[in-house]
Amino acid sequence: MKACVCDRYGGPERVSVREVPTPVPGPNEVLVRIMASTISAADSRVRALRVPRGMATAARLALGLRGPRKRVLGTELAGVVVAIGARVSRFAVGDRVLGFPGADFGCHAEFRAMAEKDELVAIPAGLSFEEAASLPFGAMSALHFLRAAHVQPGERMLVVGASGAVGSALVQLGRVFGAEVTGVTSTANLDLVAGLGAERVVDYTATDILRGGERFDVVADMVGAIGFAQYRHVLRPRGRMLAVAAEVPDMLAMAWAPFWGMRVFAGPATTKPGDLAQVAAWAAQGVLRPVIDRCYAMAEIVAAHAYVDSGRKRGSVVVRIAGAD
Ligand SMILES: NC(=O)c1ccc[n+]([C@@H]2O[C@H](COP(=O)([O-])OP(=O)(O)OC[C@H]3O[C@@H](n4cnc5c(N)ncnc54)[C@H](OP(=O)(O)O)[C@@H]3O)[C@@H](O)[C@H]2O)c1
């Protein structure tokens, strides 16, 4: 099969389309013919080994010394089941499925085997493969942080970086949790964020939210351009900070958070069984809408990585896998 392979850390040109062995599903696995995947912020970071200063050695030990140990990136897939193992009972050949292997990667390929107990669900009716694939990375991350912070109905939530994959999901799911959401974004994305349900949108190129005197119960930061401690100026007493893009200095500074009257939630998002089914259900209900910036063909994988590296994408960048030649 064809797959986008990354042998060495570096720029987008490190990824190339090559022939690799097609996986054979085990007894508890299904084989999915992948129709669409995305290039997520995680794919871009791992490919470039873009990690906080001082963390490169630890990251190489964890991810691979000279290049990613998982040479085929891609955190999410939408496709069709083409074979099932002898013990599989939840899926049948022909099912349209949405999968989220997350940090196990492997979705930038024509086929991927997934255990049926993994994060794998039916694609909601009415969603295209591209739309389905655009959902999990942002929504699963958003769900983790909203749940960790116990966001409550009526709370005021500030979402900084509201137009990206995680931010656009946080705006929408923040509403599902009952929060009143203010989104911070650039001028070009104001309408997008308002359309996702934010009560208010703030253009960070024109307004410094830290100086406006407003207070929020929860702040979610997807950018990390300023240390999370700065947000104590806009948090209510005992407010919660969702430091989604936190880096090591932030994590070290977190010890001080109680003295600043804030609670901080950071670190890698985790999933619980049933989360992807919940995300699919929200999409089926129309309360979680796909946000797709651009679609690339598999042969354009280098250009797709380069675009994601800009850090300015709107929602998800989709890569179409089916029909690769
Ligand atoms: N902790 C975890 O488990 C976890 C999970 C997922 C993601 N992440 C991290 O979270 C970050 C965001 O991920 P993502 O997938 O949402 O990235 P993304 O899709 O690339 O979105 C980034 C967004 O940041 C916005 N932005 C850039 N500079 C800004 C600024 N100064 N103020 C406000 N917004 C700004 C951009 O919008 P404009 O074009 O409008 O500026 C863009 O939409 C990444 O660093 C990723 O690695 C962490």
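Residues numbered from 1 in each chain as written. Predicted model: local features only at pLDDT ≥ 70, side-chain atom pairs only at ≥ 80, totals over all residues. Heavy atoms only, no water.

### Re the overall build of the protein chain
So, point 1. The number of helices and strands found in the protein chain is 9 helices and 15 strands.
So, point 2. A compact globule built from 325 residues should have a C-alpha radius of gyration of about 20 Å, and the protein chain, at 20 Å, falls within 12% of that.
So, point 3. For the protein chain, the spread of C-alpha atoms along the principal axes amounts to about 60 × 45 × 35 Å.
So, point 4. Per-residue burial over the protein chain gives 52% buried out of 325 residues.
So, point 5. In the protein chain, of all internal contacts separated by at least 6 residues, the share reaching a separation of at least 24 is 68%.
So, point 6. Summed over all atoms, the accessible surface of the protein chain reaches about 14,100 Å², with 54% contributed by carbon and sulfur.
So, point 7. On the protein chain, the mean spot of the 37 positive side-chain charges and the mean spot of the 30 negative ones are 5 Å from each other. (Helix = DSSP H or I, 4+ residues; strand = E, 2+ residues; numbered from the N terminus. Rg over C-alpha atoms; globule rule 2.2 N^0.38 Å. Buried < 20%, exposed > 50% of the residue type's maximum accessible area, 1.4 Å probe, protein only. Contact = heavy atoms within 4.5 Å. Areas by Shrake-Rupley, 256 points an atom, 1.4 Å probe, with all protein chains shown as cover. Lys, Arg positive; Asp, Glu negative; His and termini not counted. Charge placed at Lys NZ, Arg CZ, Asp CG, Glu CD.)

### Looking at the packing of aromatic side chains
So, point 1. Across all of its chains, the model carries 2 aromatic pairs by this definition.
So, point 2. Taken together, a centroid distance of 6.3 Å and an interplanar angle of 65° make the contact between F228 and W260 edge-to-face. Of this pair, F228 sits in the loop between strand 11 (216-221) and strand 12 (235-243) while W260 sits in the loop between helix 7 (248-253) and strand 13 (262-265), and the two are 32 residues apart along the sequence.
So, point 3. Judged by centre distance (5.7 Å) and plane angle (50°), the ring pair of W256 and F259 falls under tilted. The same class applies to W256 and to F259, which are both exposed.
So, point 4. Of note, R96 hangs over the ring of F129, and the distance from its end group to the ring centre comes to 4.6 Å.
So, point 5. Between the NZ or CZ atom of R232 and the centre of the ring of W260, over which it lies, the distance is 5.0 Å. (Phe/Tyr/Trp six-rings, centres within 6.5 Å; stacked < 30°, edge-to-face > 60°. Lys NZ or Arg CZ within 6 Å of the ring centre and 35° of its normal.)

### With respect to the pairing of strand 5 (residues 96-99)
So, point 1. Relative to strand 5, strand 4 (residues 77-84) runs antiparallel, the two being bridged by 4 bridges. Looking at the pairing, L77 lines up with G99 of strand 5.
So, point 2. Sheet topology places strand 5 next to strand 7 (residues 120-122); 3 bridges connect them, and they run antiparallel. Across the sheet, the residue bridging to G99 is L120, located in strand 7. (Pairing = 2+ DSSP bridges.)

### Examining the pattern of salt bridges
So, point 1. Using the criterion set out here, one finds 17 salt bridges in the structure.
So, point 2. Between E180 and R156 there is a salt bridge, and its shortest N-O distance comes to 3.4 Å. Separated by 24 residues along the polypeptide, E180 in strand 9 (residues 180-185) and R156 in strand 8 (residues 156-160) bring together distant segments of the chain.
So, point 3. For E180, a relative accessible area of 33% corresponds to the partly exposed category.
So, point 4. Residues joined in a network through salt bridges with shared partners are R156, E180, R200 and E214. (Salt bridge = Lys/Arg side-chain N within 4 Å of Asp/Glu carboxyl O.)

### Describing the nonpolar core
So, point 1. Counting 48 residues, the largest nonpolar core has M157, V159, L170 and V171 as the members making the most contacts within it.
So, point 2. Among the secondary structure elements, those contributing two or more residues to this core are helix 3 (129-133), helix 4 (136-148), strand 8, helix 5 (165-176), helix 6 (190-195), strand 11 and helix 8 (275-285).
So, point 3. Ranked by the residues each element gives to this core, the list is headed by helix 4, at 7 residues.
So, point 4. Per-domain counts for this core show at least three residues from each of domain 1 (2-135 + 290-320) and domain 2 (137-265).
So, point 5. Apart from the residues lying within four places of it in its own chain, the contact partners of V171 are V159, A162, V181, V193, L196, G197 and A198. (Core = buried A, V, L, I, M, F, W, Y, C linked by side-chain atoms within 4.5 Å. Domains from an automatic or database assignment.)

### Remarks on the domain arrangement of the protein chain
So, point 1. Assigned domains of the protein chain: these are domain 1 (2-135 + 290-320) and domain 2 (137-265).
So, point 2. Summarising the inter-unit geometry, the C-alpha centres of domain 1 and domain 2 are found 27 Å apart.
So, point 3. Taken residue by residue, the interface counts 17 residues in domain 1 and 17 residues in domain 2.
So, point 4. Area buried by domain 1 at its contact with domain 2 is led by F100, V291 and R314, which between them contribute 36% of it.
So, point 5. Counting across the domain 1 and domain 2 interface gives 0 salt bridges.
So, point 6. Counting the contacts that link domain 1 with domain 2 gives 7 residue pairs in polar contact (both at pLDDT 80 or more).
So, point 7. Here the side of domain 1 that touches domain 2 takes 3 residues from helix 1 (residues 41-48), the largest share from any one element.
So, point 8. Looking at the side of domain 1 that touches domain 2 residue by residue, the classes come out as 7 nonpolar, 4 polar and 6 charged. (Buried area = accessible area lost by both parts, 1.4 Å probe. Polar contact = N/O pair within 3.5 Å; in protein donor to acceptor, adjacent residues only side chain to side chain. Nonpolar A, V, L, I, M, F, W, Y, C, P; charged D, E, K, R; others polar.)

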